[in-house]
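As a plain string of letters, each chain reads:
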Amino acid sequence: MANIPLLLFFFFILINSIPISSFSCPLHHKQALLTIKSNFDTIFNQSDDFYPFTSWSPDSDCCSWERVRCSKTGTVTELNLRHIMLSYDNPVPVPFDIFTPLFHMRSLEYLDISHNHLVGEVPGDGFGNLTQLVDLYMEGNKFNGSIPYQIFGLTNLRYLEMGNNSFEGNLGPELGKLQNLESLDLSNNSLTGNIPEEIGNLKDLEYVDFSNNFFSGGIPDSIGNMKDLDYVDFSMNSFSMEIPTGIGRLPNITTLALNNNQLTGLIPSSIQNLSRLEFLSLQDNNLKGEIPTGIFNITTLTRFFIGGKGSKLIWNNKAKIISKRSGLHSLSMPSCGISGQIPEWISSNTALGYLDLSGNKLEGPFPNWLAEMVELDTIILSDNKLTGSIPHRLFESPFLTVLRLSRNNFSGELPENIGNATRMTYLMLSGNNFSGQIPMSMSNMVHLILLDLSINKFSGHNFPDLSNVALLIYLDLSNNEFSGKIPTTLSTTIEFLYLGGNKFSGHLPQNLTKLVNLQHLDLHDNNITGYFQDVLPQSPYLQVLVLRNNSFEGFIPTTISNFSNLQILDLSRNNLTGSIPLEMTNLTSMIEAPVHMSTYGSIVDYASGYGPLSEMRFDIEDLIVNWKSNFQDLSSHSLDMYSLLDLSNNKISGEIPASLGNLKSLKVLNISNNNISGHIPMSFGSLKGIESLDLSHNKISGSIPKSLEKLDELGILDVSNNRLTGKIPMGGHMSTMNGLKYFANNSGLCGMQINITCPKDIPPPSEGRDDEDDENLSWIFWMGTWIGFPIGFFSSILIMGYFLNFLLLFKLW
């Protein structure tokens, strides 16, 4: 019996010495994977260093391949096909069919097909086969259609990531079946409807992101049942109603983002009990009432965003905030009714990096203690009533990146040491009373992206050298008192340049016209001279060109047609001659409105490390144009909605090209106060987007085309002071054009709009007699009869008597 352990030991060694073949992946799994590889071989550059399928060989075990993992029995359980398509500049849309072979691998527990430019609808039946899935990552593609119900039948799922696609439709109650789910990301899609109450069944859910969709209705009360929730982002939707009080009973929540919705009512006091809360964003809703000051007692809170657009919240200006810690990194309270001076309790938050108190009622100077908070990288105090000068100390901060003080009452000169803030990227001081010259030290701000000094009293003709500011995109010096020549030391990266409303003179410098990235150029109301055909910008990206009220001469060159992106062209109040070139009708963006979002978004979106989860959009000055006979602001955030062509108050001659009728997206067309002759083209009836058409003060003859009756958007038509004749059309909106001044001084016009009856509308006399006329004629006839009868009778007697006497004499003779 003593030898038994020894025998067992030798038996164990013997068993382990016998070679046993390792498990390999099933043949149908390998074949499915090789089919996927073959599909990608047809569209993928196999010489690329990042080609992911090099190891996928028919001669090797698929469990050894890159991006593939198997179970101990050899079945494929994990497949990581993330970021196979690496091209970002010109991504090739990939149909999902390329991946359909993976539906044969029912043992899959982990599948990642994210960020591959996949398009089309998700095949629900295929995913319904993968019942073992635990982790499913599909984000960052271009999937559309609804999320198939079969996805919600995968009850083993713990991670479901489908954000950054184009999914549509509603979420149904089947969402509640995913009771093992720990993370759910449906952000950045086009989902609509309510969030079903059944979401409360997901008791293990820790992370949920529904941001940037079109969800509406109220936030379900059942969310208060999900005690494991750590991260909730419902921002940028259309949620309404009140914030459910149950949301304040989530013991583990650290992030709560409900900003940019339509939530109403009071802020639940229960939110003050969220003892682990680190991030709270309620900004840009319709909330009302007093802001609970107890929120500042949450010791874990590092980022707090409240107030903003639509807010009716009120801050208790008498509240004394005693900070129990210095961990607050971000404080954003725009439009919260804060009055008086900037609250000094803010200074106790020594780690503060982001401060936004814009749109309040703050008064007094820029406090020195704020200038000395060296950790601040973003200060936003715009739209208040702050006064005085900016402290020199502010620009000694090593971290200051964003300074936005627009629309206050600051005055004085800018500190000479402003250039010491070398990390500055966004400097916005518009709408104040700053004066003096721009400090030369500003050339040291080599990281500037946006510089807005507009609507102040800056003067002088010397400017800092910005040619080395390699990131500068937006420069606005408009509406000041600058003089001399236009600055030439500008960065070649500039896309948006506004110099209007100053006293600049001389020729337009050649290097300015060679800014090949220009999208907007506005030089209105200066005294710039030269020939327009010689100073036309050379940027193919030009969208806005405003040269109004200068002294440009020459003609509009045919090369104007090169600007296919041009939407707003204002050359009014210059000395231009020649005719309107036919090539102007090739301006593509005036023919059909662009569908892309305004390019302003690429400039003014800024995401701070301390800022809210969503990007912050900075308001920049609107574009001022002559819109419907008045100078108006066009919103800088939605310029894609506008298309304008203004050539008025020049010396342009010739006839109106009929092909101008091709510019169907034009909202405003103004060619008034020129020497234009000929007729109004019939093709103007095709200007279906036109709202204002001004042809006044020219030498236009002929009639107003009846085709204008089709212009449903037309609100103003001014044809005064021309040589027009004929009847003003009556149909459509033309019947409402009853402003006499808009048709004045056209001696040949007629119509009900100007209370002049057209000759052809006056009936001829023979056709216009009435009964009264007939009665008068009848009376005259009978009167003539009664008077004529006796006269005729007596005349006959006398004549007969005369003849009888004559016969008698004849007989006697």
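Going by the structure above, here's the rest.
Right, let's walk through the structure included here. (Residues numbered from 1 in each chain as written. Predicted model: local features only at pLDDT ≥ 70, side-chain atom pairs only at ≥ 80, totals over all residues. Heavy atoms only, no water.)

## Considerations on the nonpolar core
Counting residues in each nonpolar core, the largest one holds 198 residues, and the members touching the most others are F99 and F127. Breaking this core down by element, the ones donating at least two residues are α2 (27–41), β2 (76–80) and α4 (368–371). Sorting elements by how many residues they give to this core places α2 first, with four residues. Residues V402, M428, F496 and Y498 belong to the second largest nonpolar core, which totals eight residues. (Core = buried A, V, L, I, M, F, W, Y, C linked by side-chain atoms within 4.5 Å. Buried < 20%, exposed > 50% of the residue type's maximum accessible area, 1.4 Å probe, protein only. Helix = DSSP H or I, 4+ residues; strand = E, 2+ residues; numbered from the N terminus.)

## Some words on the sheet that holds strand β10 (residues 192–193)
The strand order β10-β12-β14 describes an open sheet built from three strands, whose pairing is parallel. Across the chains shown, the open sheet's two edge strands, defined by having one partner strand only, are β10 and β14 (238–239). Here β10 pairs with strand β12 (residues 214–217) via two bridges, running parallel. When the sheet's bridge partners are listed, G193 is paired in β12 with F215. (Pairing = 2+ DSSP bridges.)

## Regarding the environment of F458
Turning to its location among the elements, F458 is positioned in strand β32 (residues 457–460). Considered as a pair, F458 and E481 are 23 residues apart in the sequence and their alpha carbons are 5.7 Å apart. Not counting residues up to four positions away in its chain, the partners in contact with F458 are L414, F434, S435, G436, L453, N480, E481 and F482. (Contact = heavy atoms within 4.5 Å.)

## A look at unusual backbone geometry
Phi is positive for N649, close to 55°, though the residue is something other than glycine. With respect to the helices and strands, N649 occurs in the loop between β46 (644–646) and β47 (653–655). Although it is not a glycine, N673 adopts a positive phi angle of roughly 55°. Considering the arrangement of structural elements, one finds N673 in the loop between β48 (668–670) and β49 (675–677).

## With respect to a negative patch on the surface
Side chains of D204, E206, D228, D230 and E278 sit close together on the surface and give a patch of like negative charge. Its location among the elements puts E278 in the loop between β16 (264–265) and β17 (279–281). (Patch = residues over 30% accessible without salt bridge, like charges linked within 9 Å, V, L, I, M, F, W, Y side chains within 5 Å. Areas by Shrake-Rupley, 256 points an atom, 1.4 Å probe, with all protein chains shown as cover. Salt bridge = Lys/Arg side-chain N within 4 Å of Asp/Glu carboxyl O. Lys, Arg positive; Asp, Glu negative; His and termini not counted. Charge placed at Lys NZ, Arg CZ, Asp CG, Glu CD.)

## Let's talk about the state of the cysteines
On inspection of all chains with the given rule, the structure shows three disulfides. Sulfur-sulfur distance for the disulfide between C25 and C62 comes to 1.9 Å. Of the two residues, C25 is situated in the loop between α1 (4–17) and α2 and C62 in the loop between α2 and β1 (68–70); the sequence distance between them amounts to 37 residues. Judged by relative accessible area, which is 8%, C25 ranks as buried. The connectivity of the disulfide-linked cysteines in the protein chain, indexed sequentially, is 1-2, 3-4, 5-6. (Disulfide = S-S within 2.5 Å.)

## A short note on the pattern of salt bridges
As a working rule, side chains carrying opposite charge can pair if their charged atoms are close by. With the rule as written, the count across this model stands at eight salt bridges. Note that E139 is salt-bridged to R82, the shortest N-O span being 3.2 Å. One end of the pair, E139, is in the loop between β6 (135–137) and β7 (142–144); the other, R82, is in the loop between β2 and β3 (94–95), and 57 residues separate them in sequence. The salt bridge partner of D525 is R548, with a shortest N-O separation of 4.0 Å. Of this pair, D525 sits in the loop between β37 (520–522) and β38 (527–531) while R548 sits in the loop between β39 (544–546) and β40 (551–553), placing them 23 residues apart in sequence.

## Observations concerning the sheet that holds β32
Pairing between sheet strands relies on hydrogen bonds along the backbone, with the strands arranged either parallel or antiparallel. Pairing within the open sheet is parallel, and its 10 strands lie in the order β22-β24-β26-β28-β30-β32-β34-β36-β38-β40. Since the sheet does not close on itself, it has two edges, and those belong to β22 (339–340) and β40, each with one partner.

## Things to note about the packing of aromatic side chains
All told, the structure shown has 30 aromatic pairs when counted by the stated rule. Ring centres 6.2 Å apart and planes at 15° place the aromatic pair F434 and F458 in the stacked group. A residue pair is termed long-range when its members are at least 10 positions apart, and F434 in strand β30 (residues 433–436) and F458 in strand β32 qualify at 24 residues. F434 gets classed as buried once you look at its relative accessible area, which sits at 0%. (Phe/Tyr/Trp six-rings, centres within 6.5 Å; stacked < 30°, edge-to-face > 60°.)

## Looking at the side chain of T254
Inspection of the secondary structure assignment puts T254 in the loop between β14 and β15 (255–257). The buried category is assigned to T254, whose relative accessible area is 13%. The contact partners of T254, leaving out residues within four places of it in the chain, are D230, R276, L277, E278 and F279.

## Details of the pairing of strand β28 (residues 409–412)
Within a regular beta strand, the side chains point alternately toward one face of the sheet and then the other, so they alternate between its two faces. Summarising the sheet, strand β26 (residues 385–388) and β28 pair through two bridges and their orientation is parallel. Its bridge partner lying in β28, G388 is registered against F410. Where β28 lies against β30, two bridges are found, and the strand directions are parallel. If you follow G412 over to β30, its bridge partner there is F434.

## Description of α2
For α2, which comprises 15 residues, the first-to-last C-alpha distance of 21 Å matches the rise-based estimate of 21 Å (1.5 Å per residue) to within 8%. H29, K30, A32, L33, L34, I36, K37 and F40 are the residues of α2 that are buried. Considering only its buried residues, α2 is in contact with β1 and β2. (Expected span 1.5 Å × (residues − 1).)

## Some details on the pairing of strand β53 (residues 723–727)
As defined by bridge partners, strand β51 (residues 701–702) adjoins β53 across two bridges and the pair is classed as parallel. Opposite G702, over in β53, you have L724 as the bridge partner. Pairing analysis gives three bridges linking β53 to strand β54 (residues 748–750), with the strands arranged parallel. When the sheet's bridge partners are listed, G726 is paired in β54 with L749.

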